[in-house]
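# Examining the three-dimensional arrangement
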Amino acid sequence: MSKEKIRLDKICLNCNHVVDQRYCPNCGQENTVSRKTFHHIFIHFFEDLTHYDNSFWKTIFNLFFKPAALTKAYMAGKRLSYLNPIRLYIFISFVTFLMISLFPNNTEKEITTTVIKHEQIIIPTIDSLHIEEKSVDGLTKVGILSQQNNDTIKKILQQTDKIDKINHNQPSPSVPKKEVADFGYKSIIELDSIQKHGSKKAQVSDTEYWFLKKWLTVKEENTNEQIIEKFTDSFVHNLPTLLFMYMPVFAFFLWLFHDKKKWYYYDSGIFTLHYFSFLLLLVLTLFYTDKIFPLFEKNQVMEWAHFSLKSLGIFWMIYYFFPAHRRFYGHKFVVSLVKSSVIIIINLVVITFLLVLFALYTYNNIH
């Protein structure tokens, strides 16, 4: 912690108690100058959040390389040697999403150029979340999605795939691209007319009708590119909130699969905070790996190193939960493997379902 100059006045500004040394014996406030620089405020915030000293780096090292070590130490009462789990998660979450936001993904955003007095617009695909048909079939098999909704979502994915192919097969950049992502309908009036008076083959399901009507409504004042951009920005912006809200659910599944007399929900909650902190930290590491390597000269050695580090990071992300679970809960290898696998599968299904709902909610709130 930084050492500020002590005030000459020995009366505490907070409680008016006499202060003989640096800290007030009555309320604990430091007897230093009250007016601070912006630099001091920023450093003080960082210090308060992380208790920036050896415990910070010790916490990060154990979190990253020693699965469950932090959780076991915290539950054993060693709480001053490491950062508080809640503070740790808030700090890592804040840094991760802040740093990622500073490097927006421009792979789907092309600079618009004016050619022959026409504005060339590159239309990105709506499948920004990389949802595959196999994932949709999986949700249908477990009973989360009906077959009708399954068919509707597949139609949308197939249509966006066609749009992507059209974008890539434009013969010449000098020819302005058309707004092809209209799904075959020019206006809401045309959609309603077909839905009311068209043949059954031409009509669409209720889910598809909702999707198309919303798309055409928003498109009246936005281009296809703007719609996708608004959807992606809103989805990514609210993702930290969704992740934070899901942690109690993850902790509940952990608690559900273990002895209720030995393990409290609180114990699983601490484990969850550390596990999610690790995931965010690794995501940030992989993100910067992708950003740093392209800065070096492109050759086979660098490409191999980049691929190796990324593969190792992804493997560690998948594998980490299994030793962490076994070491914390103290199960035998086979029992821990079975429980860990079941917990991961259940959470993957629930997360996929919540992401679909969240995507639909985000889409419905585009203006």
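Values in this document were obtained by computation on a predicted structure and should not be read as measured data. Residue numbers run consecutively from 1 along every chain, following the written order of its sequence. Thresholds applied to this predicted model are a pLDDT of at least 70 for local features of residues and 80 or more for the giving and counting of side-chain atom pairs; totals over whole chains, interfaces and linings are not thresholded and use all residues. Computation of side-chain values: all heavy atoms of the structure, hydrogens and water removed.

Okay, the overall build of the protein chain next. By definition, any uninterrupted DSSP run of H or I lasting at least four residues is a helix, any uninterrupted run of E lasting at least two residues is a strand, and each is numbered from the N terminus. Scanning the protein chain from terminus to terminus reveals 13 helices and two strands. Each residue gets one of three labels from its accessible area relative to the maximum for its type: buried under 20%, exposed over 50%, partly exposed in between, using a 1.4 Å probe on protein chains only. The 367 residues of the protein chain split such that 34% are buried. In what follows, residue pairs with any heavy atoms lying within 4.5 Å of each other are defined as contacts. When contacts within the protein chain are restricted to residue pairs at least 6 apart in sequence, those whose partners lie at least 24 apart make up 66%. Note on areas: these come from Shrake-Rupley sampling with a 1.4 Å probe, and a residue is covered only by the protein chains present in the view. Looking at the protein chain as shown, the accessible area adds up to about 23400 Å², and 63% of this sits on carbon and sulfur atoms.

Counting 37 residues, the largest nonpolar core has Leu63, Ile92, Tyr275 and Phe278 as the members making the most contacts within it. Elements with a contribution of two residues or more to this core: α2 (54–65), α3 (69–75), α4 (85–101), α9 (224–256), α10 (265–292) and α12 (321–329). Top element by residues in this core is α10. It accounts for ten residues. Apart from the residues lying within four places of it in its own chain, the contact partners of Leu63 are Leu70, Leu88, Ile92, His274, Ser277, Phe278, Leu281 and Tyr320. Put simply, buried Ala, Val, Leu, Ile, Met, Phe, Trp, Tyr and Cys residues joined by side-chain atoms within 4.5 Å make one nonpolar core. Core analysis: the second largest hydrophobic core is formed by 17 residues, Ile188, Phe231, Phe358 and Ile366 among them.

Another aspect to go through is the side chain of Thr71. By secondary structure assignment, the location of Thr71 is in helix α3. A polar atom in the side chain of Thr71 sits 2.8 Å from the side chain of His274. Leave out the neighbours within four places in its chain, and Thr71 touches Ile270, Phe271, His274 and Phe328. Pairing of N or O atoms within 3.5 Å defines a polar contact, subject to two protein rules: one partner must be a possible hydrogen donor and the other a possible acceptor, and residues neighboring in sequence count only if both atoms are side-chain atoms.

A few words on empty space enclosed by the protein. Cavity and pocket criteria rest on a 1 Å grid covering protein atoms alone: a 1.4 Å probe that fits but cannot get out defines a cavity, protein on both sides within 12 Å along at least 5 of 7 lines defines an open pocket, and an atom within 4 Å of a point defines a lining residue. Grid points are joined across faces, edges and corners, and a volume is the space filled by probe spheres set on the points. Enumeration over the complete set of coordinates arrives at two cavities of 30 Å³ or more. For the largest cavity, the calculated volume is near 70 Å³. Taken together, Asn62, Leu63, Lys66, Ala68, Ala69, Leu70, Thr71, Phe271, His274, Tyr275, Tyr320 and Ala324 make up the full set of residues lining the largest cavity. Elements represented by at least two residues in the lining of the largest cavity include exactly α2, α3 and α10. Here the lining of the largest cavity is composed, by residue class, of eight nonpolar, three polar and one charged. For this classification, Asp, Glu, Lys and Arg are treated as charged, while Ala, Val, Leu, Ile, Met, Phe, Trp, Tyr, Cys and Pro are nonpolar and the rest, including Gly, are polar.

Glancing now at the state of the cysteines. Note that a disulfide, as used here, is simply two cysteine sulfur atoms within 2.5 Å. Tallied over the entire structure, the rule returns zero disulfides. Among the cysteines around Cys15, which has no disulfide bond, Cys24 carries the closest sulfur, lying 3.6 Å off. For Cys15, a relative accessible area of 26% puts it in the partly exposed group. For Cys24, a relative accessible area of 4% translates into the label buried.

Let us now look at the side chain of Ser268. Within the fold, Ser268 resides in helix α10. A polar atom in the side chain of Ser268 sits 3.0 Å from the side chain of Tyr329.

All right, on to the pattern of salt bridges then. Salt bridges are identified by distance alone: a Lys or Arg side-chain nitrogen within 4 Å of an Asp or Glu carboxyl oxygen. Tallying each qualifying case throughout the model produces two salt bridges. Ionic pairing is found between Arg22 and Glu30, a salt bridge with its closest N-O pair at 2.6 Å. Residue classification places Arg22 among the buried positions, given a relative accessible area of 17%.

Glancing now at the packing of helix α7 (residues 188–197) against helix α8 (residues 206–219). Orientation of α7 relative to α8, taken along the N-to-C sense of each, is 160°, at an axis distance of 9 Å. Relative to α8, the element α7 lies roughly antiparallel. The crossing of α7 and α8 is left-handed. For the pair formed by α7 and α8, the contact residues are Ile188, Leu191, Asp192 and Gln195 on the first element and Tyr209, Leu212, Lys213, Leu216 and Thr217 on the second. Taken together, the residues that form the contact of α7 with α8 break down as five nonpolar, two polar and two charged. As a rule, the C-alpha atoms of each element are fitted with a line to give its axis, helices using only the stretch in contact, and angles between N-to-C directions run from 0 to 180 degrees. An angle below 35 degrees is read as roughly parallel, one above 145 as roughly antiparallel, one from 65 to 115 as roughly perpendicular, and any other as oblique. Crossing handedness: left-handed means the near helix sits turned counterclockwise from the far one by under a right angle, and right-handed means the same turn made clockwise.

Tracing the sequence through the fold places Met302 in helix α11 (residues 300–319). For Met302, the residues in contact, after removing those within four places along its chain, are Phe293, Phe296 and Glu297.

Time to look at the environment of Trp263. Structurally, the position occupied by Trp263 is in the loop between α9 and α10. Trp263 gets classed as buried once you look at its relative accessible area, which sits at 13%. Sequence-wise, Trp263 and Tyr329 are 66 residues apart; in three dimensions their C-alpha atoms are separated by 8.5 Å. Not counting residues within four places of it along the chain, the set of residues in contact with Trp263 comprises Trp255, His258, Phe328 and Tyr329.

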